[in-house]
Amino acid sequence: MRIGKIILLTLLLVGFYACNSDAKKEKETVLIQAPAPDPMEFGFHLNDYVVIKDTVRNGDSFGEILQKNNIGYSKIFQIAEKTKDTFDIRRLVAGKPYTLLCTKGDSLQRPECFIYQPNSIDYVVIKFKDSINAYTESKPVKIVERETSGVITSSLSGAIDEAGLSQKLVADMSDIYAWTIDFFRLQKGDQYKLVFTEKYINDTTFVGVDKIKAAYFKHNGEPFYAFEFETDSVKQIVDYYDENAKNLRRAFLKAPVVFKNVRISSRYNLRRRIKLYGNRIRAHKGTDFAAPRGTAIISTANGVVVESARRGGNGNYVKIKHNSTYSTQYLHMKKRKVKVGEFVKQGDVIGWVGMTGNTSGPHVCYRFWKNGRQVDPFKQKLPDADPIDSTLKESYLKHIKPLKIQVDGIEVKLPQEEAPITAIN
Ligand SMILES: [Zn+2]
């Protein structure tokens, strides 16, 4: 587009000068400037074909699309056979775009190439003019770095929304800080700053958030830094550490459900009074996370399933032993996913939120045991995850030095109504 404009501008200028000097020259110039732009897409010169662009409709199949475009059954069968290792033609998803490149000058306008885009970056090319072959390619993705900041007035999600940013940032941030900050208890005035990257194709089309490179969260007046660092380039293991190279992960997650869907409906409280029991004190030794029925319940740490049953007031429940000190229990599940003896990793789904046992609404009652006693997990100083390898610590600190300066340099945008009032002398 831009190149087109420049060419046009040059043409006008050249034309203008030519008029003033020599009419013959003008003609020549026009001839030279004449060629139309040659758009390239998927590695093809689109001008060489009749191009048909469409989206897969409900019930469309690869065969039907080709058949509608004058390709015969036997050819379709051959294509399906020859390309099945690269691309399963049954995988066409309704709503995804496809492109047909048809032979120019063919009276039947038969396609010789089918291009399918399962997502905005990757595409599958199936060529079948003479010989048949298929391959998958990706559009070149441009990574653009951005900075943002904000103040929490109600929720992190709300603040990110107000800034017009992708909710994926909220999810990524809750992941990074899942062990450090209780996102259920954010304070009005908490601040965040982010250095993150976004993915673009064709230079201008936004296709999503790439990753958070550095983050800062000021919670209750305390700063929490997080920097992304690859600790294993072969296995592509990436983790987040603070400014002193301390792992931000803990051995335990703060919640047994994914943050976005839930709220805490009842905390650990030894002095809870319940109307149902004549307003008497009835301790609540769990933390209740209300969430829609069917929300995945995840194990908050690595461990072994020691109980998986349906019993009385607990309903469907699972208990996991993490080590000789800690165990966790998850109650009122709609359905359990794990069996006794199974090893589960932190974040693994162990069941789904339901209403079995004594409960008035869908929630998971999360119980946390330390040395055989039920305690409030939010009040525990939980063990850290593995620290950064000592051989990597030096390069990590070097890596984050400029990033920290960058983060510190971001000025937090205050909400409009709280802008400082200029003093009048
Ligand atoms: Zn409970």
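Refer to the structure presented above.
Residues numbered from 1 in each chain as written. Predicted model: local features only at pLDDT ≥ 70, side-chain atom pairs only at ≥ 80, totals over all residues. Heavy atoms only, no water.

**Some remarks on the side chain of serine 174**
And then number 1: Along the polypeptide, serine 174 turns up in helix α6 (residues 167–176).
And then number 2: Classification of serine 174 as buried rests on a relative accessible area of 9%.
And then number 3: Polar side-chain contacts of serine 174 include one of 2.4 Å to the backbone oxygen of valine 170. (Helix = DSSP H or I, 4+ residues; strand = E, 2+ residues; numbered from the N terminus. Buried < 20%, exposed > 50% of the residue type's maximum accessible area, 1.4 Å probe, protein only. Polar contact = N/O pair within 3.5 Å; in protein donor to acceptor, adjacent residues only side chain to side chain.)

**Examining the packing of aromatic side chains**
Centre distance and the angle of the planes are the two values used to describe a pair of aromatic rings.
And then number 1: The full count for this structure, using the stated rule, is 16 aromatic pairs.
And then number 2: With 6.0 Å between their ring centres and 10° between their planes, tyrosine 225 and phenylalanine 227 make a pair best called stacked. The same class applies to tyrosine 225 as to phenylalanine 227, namely buried.
And then number 3: Pairing tyrosine 330 with tyrosine 366 gives two aromatic rings, centres 5.4 Å apart and planes at 40°, and the pair type is tilted. Placement of tyrosine 330 in strand β20 (residues 326–336) and of tyrosine 366 in strand β23 (residues 363–370) is noted, with a sequence separation of 36 residues between them.
And then number 4: Of the residues examined, tyrosine 366 reaches a relative accessible area of 1% and is grouped as buried. (Phe/Tyr/Trp six-rings, centres within 6.5 Å; stacked < 30°, edge-to-face > 60°.)

**Brief notes about the sheet that holds strand β9 (residues 191–201)**
And then number 1: On the basis of which strands lie adjacent, the open sheet formed by 5 strands has the order β8-β9-β10-β11-β12 and antiparallel pairing. Single-partner strands in this sheet number two, and they are β8 (141–151) and β12 (237–241). On average, each strand axis in the sheet is tilted by 25° relative to the strand beside it, whichever way the strands run.
And then number 2: α6 rests against β9, β10 (205–219), β11 (222–232) and β12 of the sheet, and its axis sits at about 40° to β10.
And then number 3: The strands that helix α7 (residues 390–409) touches are β8, β9, β10, β11 and β12; relative to β11, the one it contacts most, it runs at about 135°. (Pairing = 2+ DSSP bridges. Axes fitted to C-alpha atoms, helices over the stretch in contact; angles between N-to-C directions. Contact = heavy atoms within 4.5 Å.)

**Concerning a nonpolar patch on the surface**
And then number 1: On the surface, a cluster of nonpolar side chains totalling about 250 Å² of accessible area is made up of Val304, Val306 and Phe343.
And then number 2: Relative to the elements of secondary structure, valine 304 occurs in strand β18 (residues 303–311). (Patch = residues over 30% accessible without salt bridge, like charges linked within 9 Å, V, L, I, M, F, W, Y side chains within 5 Å. Areas by Shrake-Rupley, 256 points an atom, 1.4 Å probe, with all protein chains shown as cover. Salt bridge = Lys/Arg side-chain N within 4 Å of Asp/Glu carboxyl O.)

**Focus on the coordination of the zinc ion**
And then number 1: Around the zinc ion, the protein contributes the donor atoms His284 (NE2), Asp288 (OD) and Cys365 (SG), which lie 2.0 to 2.3 Å from the metal centre.
And then number 2: Sequence spacing among the residues donating to the zinc ion works out to H-x3-D-x76-C.
And then number 3: Given the relative accessible area of 6%, histidine 284 is considered buried.
And then number 4: Residue classification places aspartate 288 among the buried residues on the basis of a relative accessible area of 9%. (Donors = N, O, S within 2.8 Å, 3.2 Å for Na, K, Ca; no water.)

**Quick notes on the layout of surface pockets**
And then number 1: Within this model, the largest pocket holds a volume of roughly 840 Å³.
And then number 2: If you trace the largest pocket, you find 35 residues lining it, with Trp179, Val238, Asp239, Arg249 and Gln346 closest to the centre.
And then number 3: Secondary structure elements with two or more residues in the lining of the largest pocket: α6, β10 and β12.
And then number 4: Here the lining of the largest pocket gets 5 residues from one element, more than from any other, and that element is β12.
And then number 5: Taken together, the residues of the lining of the largest pocket sort by class into 16 nonpolar, 7 polar and 12 charged. (1 Å grid on protein atoms, 1.4 Å probe; cavity = no way out; pocket = protein on both sides within 12 Å on 5 of 7 lines; lining within 4 Å. Points joined across faces, edges and corners; volume = space filled by probe spheres on them. Nonpolar A, V, L, I, M, F, W, Y, C, P; charged D, E, K, R; others polar.)

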